[in-house]
Amino acid sequence: MKNILVTGGAGYIGSHICVELLNQGYGAIVMDNLCNSSKKALARVEEITGKRVKFYEADIREKSAFDEIFTSNDIYGVIHMAGLKAVGESVKEPLAYFDNNIGGTIVLLEAMKKRRVKRMIFSSSATVYDLGGEECLKETSPLGNSTSPYGRTKSVIEQMLTDIYASDNVWSIVMLRYFNPIGAHKSGLIGENPKGIPNNLMPYITQVAVGKRERVNVFGGDYNTPDGTCVRDYIHVMDLADGHIKAIRKFEETGLFVYNLGTGCPQSVLEVIHAFERANDLQIQYAIAPRRAGDAAKYYANADKAGEELGWKATRSIEDMCRDSWNWQSKNPDGY
Ligand code: NAD
Ligand code: UDP
């Protein structure tokens, strides 16, 4: 069996990837310091799959933690998801983001190099693009100056990985640029579990639906878009997980690969709110609020390259995403 080390595997996206890894016959070895997640997510992954996740509660910045992980396990490759991800917090605490995301990745890469495990999938983001330019983004679209320290960590790590491959082309590195992951596993056992007030749109909507917040503040109603609200490319987290499974096949080749993971279907904030209402037969209170600093009006993925080279395509609709997000939230109103 091929074992995949998943850093940050107890998190929102990581837990869904673990389900797919186990379902597809891979071993899932999770390394997570639980700074933004719960061990319960992994117990739920085991409940869904009937298989075991091997868990190490450890920080990727801790060099010595890798000794045990790499000596006790035969690791085929790494899916690297561990990191901090709150854009606003990163503006206030840039050093914490550089230390955790960039510093942690350096320690991880050194450990991998030492053990000659030179296969990595990295959780990158659409935020690496120039988001004020083209709306439909291809992997070759211009990269930008990120508007936040968080975004900058993704750009820097992509550049580091590019330099590492250039220095030693035995590596197989896949950089996956996620658009806007939402949704949850259809069981409702795992899902997104933000701490405090949600920063992102879908968890905010589900918290309004469950009665925890009064209304959704729609950040900006005067953008140059059909209904005046921002447009994004929302992708079901299980489609995203499937993209990672397909990307693992690239580990059989050496190379540096980059793919967008999105649906290619642009949706405005109001369209998402209305899709949520339709999918769940619920009413969501909302009000147009001032624009949020740093938001681009509109961008979405051209995901053709992942289709052509990985045989991957998102299959779930915005209604599926809204239904599964609500299924998770309504079954777990207080998270894990
Ligand atoms: P998440 O916070 O739920 O998961 C990240 C996990 O990493 C958490 O479980 C956290 O405890 C762990 N972690 C953080 N720092 C760590 C460290 N130093 N050592 C060990 N573990 C650590 O976030 P998520 O939404 O699942 O995102 C996963 C990855 O995908 C992140 O790298 C994120 O930047 C990236 N990403 C997310 C989105 C999104 O919208 N959710 C979009 C693009 C990219
Ligand atoms: N948004 C909003 N209200 C919220 C949270 C988000 O109107 O409470 C908008 C935000 O301005 C953006 C879109 O929803 O246009 C998606 O935001 P999110 O933070 O989920 O992801 P981002 O695209 O910023 O990565």
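Up top is the structure.
Conventions we followed
Residues numbered from 1 in each chain as written. Chains lettered and ligands numbered in written order. Predicted model: local features only at pLDDT ≥ 70, side-chain atom pairs only at ≥ 80, totals over all residues. Heavy atoms only, no water. Helix = DSSP H or I, 4+ residues; strand = E, 2+ residues; numbered from the N terminus. Pairing = 2+ DSSP bridges. Axes fitted to C-alpha atoms, helices over the stretch in contact; angles between N-to-C directions. 1 Å grid on protein atoms, 1.4 Å probe; cavity = no way out; pocket = protein on both sides within 12 Å on 5 of 7 lines; lining within 4 Å. Points joined across faces, edges and corners; volume = space filled by probe spheres on them. Nonpolar A, V, L, I, M, F, W, Y, C, P; charged D, E, K, R; others polar. Left-handed = near helix turned anticlockwise from the far one by under 90°. Contact = heavy atoms within 4.5 Å.

Some thoughts on the environment of K39
In step 1: By the secondary structure assignment, K39 is in helix 2 (residues 39-49).
In step 2: As a C-alpha pair, K39 and G9 span 30 residues in sequence and 9.9 Å in three-dimensional space.

Some remarks on the sheet that holds strand 2 (residues 27-32)
In step 1: Spatially, seven strands are ordered 3-2-1-4-5-7-12 in an open sheet, and the strand pairing comes out parallel. Two strands bound the open sheet, and with one partner strand each, they are strand 3 (54-57) and strand 12 (255-261). Pairs of neighbouring strands in the sheet enclose a mean axial angle of 20°, with direction left out of account.
In step 2: Pairing between strand 1 (residues 3-7) and strand 2: five bridges, direction parallel. Counted as the bridge partner of V6 is V30 from strand 2.

Examining the layout of surface pockets
In step 1: In this structure, the second largest pocket occupies an estimated 170 Å³ of space.
In step 2: What lines the second largest pocket is a set of 13 residues, and nearest its centre among them are L143, E158, T162, M175 and R177.
In step 3: Going through the elements one at a time, helix 6 (149-167), strand 7 (172-178) and strand 12 are the ones with two or more residues in the lining of the second largest pocket.
In step 4: Take the lining of the second largest pocket: its biggest share by element is four residues, from helix 6.
In step 5: Its residues placed into classes, the lining of the second largest pocket shows six nonpolar, four polar and three charged.

A closer look at the packing of helix 3 (residues 65-72) against helix 5 (residues 94-114)
In step 1: Helix 5 packs onto helix 3 with a crossing angle of 40° between their chain directions and a minimal axis gap of 11 Å. For the crossing formed where helix 3 meets helix 5, the hand is right-handed. Residues F66, D67 and F70 of helix 3 form the contact with helix 5, whose own contacting residues are V107, L108, A111, M112 and K114.
In step 2: Looking at the contact of helix 3 with helix 5 residue by residue, the class counts come to six nonpolar, no polar and two charged.

Purely geometric stuff here, so don't read any function into it on its own.
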